[in-house]
Amino acid sequence: MISRPVAYACLAMSMSLVGSYVALSKPLAATFPVLLLAWLRFGIGAVAMPHWLRKSPDEPPMSGQTRGLLFLQSFLGNFLFTICMISGVSMTSATSAGVIMASIPACVAVMSWLFLRERIAPRTWVAVVCAVLGIALFSLSQSHHGAANASPDTPDNEWLGYALLVAASICEAAYSVIGKKLTGSLSPRRITSLINLWGFLLATPFGIYYALRFDFAAVHSGIWLLLVLYALAACMWSVWLWMTGLKVVPAAQGGVFTVLLPVSAAAVGVLVLGEQFTPTQLIAFGMALASVVLATLPSRTAARVTVPGGSDARGQ
């Protein structure tokens, strides 16, 4: 079992990696249809980690519930999340997506309390509020960009777009909570490989449909290299880091680390893409990072709680 500081580092690196590859994946989204890109991503991941599928000697046989949770995690966190997010943004704006997705830490906290019976300490709730307010403030500071990127059909489909973005937030929160449940019986590597395999199977019908109509010869070598790096980061490295951290950290506390996704994406924008921070964005990111500090500082009165399906954890 890894130490709590190492687990925090894994969670932070996972979300930072996600934010980084999201920021750098624009050329891929401009080259490939979304469902074809998802199929290629899962396929590359499956080729990269077949050895992670092997069961370790000390792992108990998978129950029907565990198999169902693996499918549900992949369906919600990999497949449905992507569809809801992309469709929701197309019907509203990037600003709306940012504000609504700021609710993920709160969704994780509530769902971990409801389904995992985790005890949520007051300081964790304060961290969640800081995370939500920080990212919401950042999103609102981008309102002029969101208005520019909004679809012409926004007025007619706006209500549906908001509903889809809320669904995407719930899917992402469920991904974290189910992942915590699975770490009680499966290793992080096996979880990573199995949910990727399910994602590949779910995306295959759509991938084949678009592949038969796509001109692969027109894609230059730089895009292919970026695709491989994106697939390894999205399907393998970030997921393994996240599951490794969740094996030790309660789901509600781990959910606070999702604030590092937009923070790292913005950092890549500044350092790599030449974008600039505004004073409002700096305040927002300060609040977001403060939430991580609040969630991870040692507690003098940490009380032991037992997480169903997982190891004992100490609430922060």
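Cut-offs applied
- Residues numbered from 1 in each chain as written.
- Predicted model: local features only at pLDDT ≥ 70, side-chain atom pairs only at ≥ 80, totals over all residues.
- Heavy atoms only, no water.
- Helix = DSSP H or I, 4+ residues; strand = E, 2+ residues; numbered from the N terminus.
- Buried < 20%, exposed > 50% of the residue type's maximum accessible area, 1.4 Å probe, protein only.
- Contact = heavy atoms within 4.5 Å.
- Areas by Shrake-Rupley, 256 points an atom, 1.4 Å probe, with all protein chains shown as cover.
- Patch = residues over 30% accessible without salt bridge, like charges linked within 9 Å, V, L, I, M, F, W, Y side chains within 5 Å.
- Salt bridge = Lys/Arg side-chain N within 4 Å of Asp/Glu carboxyl O.
- Lys, Arg positive; Asp, Glu negative; His and termini not counted.
- Expected span 1.5 Å × (residues − 1).
- Bend = angle between axes of the 7 residues up to and from the residue.
- Core = buried A, V, L, I, M, F, W, Y, C linked by side-chain atoms within 4.5 Å.
- Phe/Tyr/Trp six-rings, centres within 6.5 Å; stacked < 30°, edge-to-face > 60°.
- Lys NZ or Arg CZ within 6 Å of the ring centre and 35° of its normal.
- Axes fitted to C-alpha atoms, helices over the stretch in contact; angles between N-to-C directions.
- Parallel < 35°, antiparallel > 145°, perpendicular 65-115°, else oblique.
- Left-handed = near helix turned anticlockwise from the far one by under 90°.
- pLDDT = per-residue confidence, 0-100.

Peer 1: Please provide a residue-by-residue account of the overall build of the protein, values included.
Peer 2: Assigned secondary structure in the protein consists of 14 helices and 2 strands. Taking all 316 residues of the protein together, 49% fall into the buried category. Considering only contacts in the protein between residues 6 or more positions apart, those separated by 24 or more positions represent 88%. Accessible surface, the protein as shown: approximately 14600 Å² in total, 70% of it carbon and sulfur.

Peer 1: Before we move on, can you summarise a nonpolar patch on the surface with the specific residues and values?
Peer 2: On the surface, Phe-71, Leu-72, Leu-197, Trp-198 and Leu-201 cluster together into a nonpolar patch covering about 400 Å² of accessible area. Elements represented by at least two residues in the nonpolar patch include exactly helix 4 (64–91) and helix 10 (188–211).

Peer 1: Describe the environment of Val-108, listing the residues and the values that go with them.
Peer 2: Among the structural elements, Val-108 can be located in helix 6 (residues 104–115). On the basis of relative accessibility, which here comes to 0%, the residue Val-108 falls in the buried class. Each C-alpha atom of the pair Val-108 and Val-177 lies 6.7 Å from the other, and the pair is 69 residues apart in sequence. Excluding residues that lie within four positions of it along the chain, Val-108 makes contacts with Ala-173, Ser-176, Val-177, Ala-251, Ala-252 and Gly-255.

Peer 1: Before we move on, can you summarise the side chain of Glu-172 with the specific residues and values?
Peer 2: Tracing the backbone through its elements, the reader meets Glu-172 in helix 9 (residues 154–182). For the buried Glu-172, which has no salt bridge, the nearest side chain bearing the opposite charge is Arg-41, at an N-O separation of 8.8 Å. Those residues in contact with Glu-172 that sit more than four places away from it in its chain are Gly-77, Phe-81 and Ile-104.

Peer 1: How would you summarise the side chain of Ser-112 if you had to cite specific residues and measurements?
Peer 2: Of note, Ser-112 is situated in helix 6. Residue classification places Ser-112 among the buried positions, given a relative accessible area of 0%. Beyond its immediate chain neighbours, meaning those up to four positions away, Ser-112 contacts Arg-117, Glu-118, Ile-120, Val-177, Ala-251 and Ala-252.

Peer 1: Please give an account of helix 11 (residues 221–246) that cites residues and values.
Peer 2: Two residues of an α-helix separated by three or four positions point the same way, owing to the 3.6 residues in each turn. With 26 residues, helix 11 extends 36 Å between its outermost C-alpha atoms, agreeing within 8% with the 38 Å of an ideal straight helix rising 1.5 Å per residue. Where helix 11 bends most, at Ala-233, the angle is about 40°.

Peer 1: Tell me what's going on with the nonpolar core, and back it up with residues and numbers.
Peer 2: Core analysis: the biggest nonpolar cluster contains 73 residues, and Phe-32, Trp-242 and Phe-257 have the highest contact counts within it. When residues in this core are grouped by element, the largest group, 12 residues, is from helix 11.

Peer 1: Can you explain the pattern of salt bridges? Please cite residues and give values.
Peer 2: This structure, assessed with the given rule, holds 1 salt bridge. With a closest N to O distance of 2.2 Å, Glu-59 and Arg-190 form a salt bridge. Placement of Glu-59 in the loop between helix 3 (34–48) and helix 4 and of Arg-190 in helix 10 is noted, with a sequence separation of 131 residues between them. Using a relative accessible area of 6% as the deciding quantity, one classes Glu-59 as buried. Here Arg-190 falls in the buried class, since its relative accessible area comes to 11%.

Peer 1: Any chance you could break down the environment of Gly-184 for me, citing the residues and the numbers?
Peer 2: Inspection of the secondary structure assignment puts Gly-184 in the loop between helix 9 and helix 10. Note: C-alpha distance between Gly-184 and Leu-246 (62 residues apart in sequence) is 9.7 Å.

Peer 1: Before we move on, could you go through the packing of aromatic side chains and cite the residues and values that matter?
Peer 2: For the coordinates displayed, the defined rule picks out 11 aromatic pairs. Clustering of aromatic rings is evident, with ring pairs tying together Phe-71, Phe-75, Phe-79, Trp-198 and Phe-206. In this structure, Arg-213 packs its charged tip against the face of Tyr-209, placed 3.9 Å from the ring centre.

Peer 1: Explain the packing of helix 3 against helix 10 residue by residue, including any values.
Peer 2: For the pair helix 3 and helix 10, interaxial distance at closest approach is 7 Å and the crossing angle is 135°. The angle between the axes of helix 3 and helix 10 places the two elements in the oblique class. Between helix 3 and helix 10 lies a crossing whose hand is left-handed. For the pair formed by helix 3 and helix 10, the contact residues are Leu-35, Leu-36, Trp-39, Phe-42, Gly-43, Gly-45 and Ala-46 on the first element and Asn-196, Gly-199, Phe-200, Ala-203, Thr-204, Phe-206, Gly-207, Ile-208, Tyr-210 and Ala-211 on the second.

Peer 1: Can you lay out the confidence of the model for the protein for me, pointing to particular residues and giving the numbers?
Peer 2: Low pLDDT means the predicted atomic positions in that stretch should not be read closely. Mean pLDDT over the protein stands at 79; residues scoring 70 or higher make up 77%. The secondary structure element of the protein with the lowest average pLDDT is strand 2 (residues 312–314), at 38, and the one with the highest is helix 10, at 95. Throughout residues 144–155 the model reports pLDDT below 50, and contacts reaching past four residues in sequence, or to other chains, amount to 9 contacts. Counting interchain partners and residues more than four positions distant, the pLDDT-below-50 stretch residues 301–316 has 41 contacts.

Peer 1: An account of the environment of Leu-165 is requested, with residue identities and associated values reported.
Peer 2: Along the chain, the position of Leu-165 falls in helix 9. Placed 82 residues apart in sequence, Leu-165 and Ile-83 show a C-alpha to C-alpha distance of 9.9 Å.

Peer 1: Could you give an account of unusual backbone geometry, with specific residues and numbers?
Peer 2: Here Arg-117, not a glycine, exhibits a phi torsion of approximately 55°, which is positive. Assignment of secondary structure puts Arg-117 in the loop between helix 6 and helix 7 (122–141).

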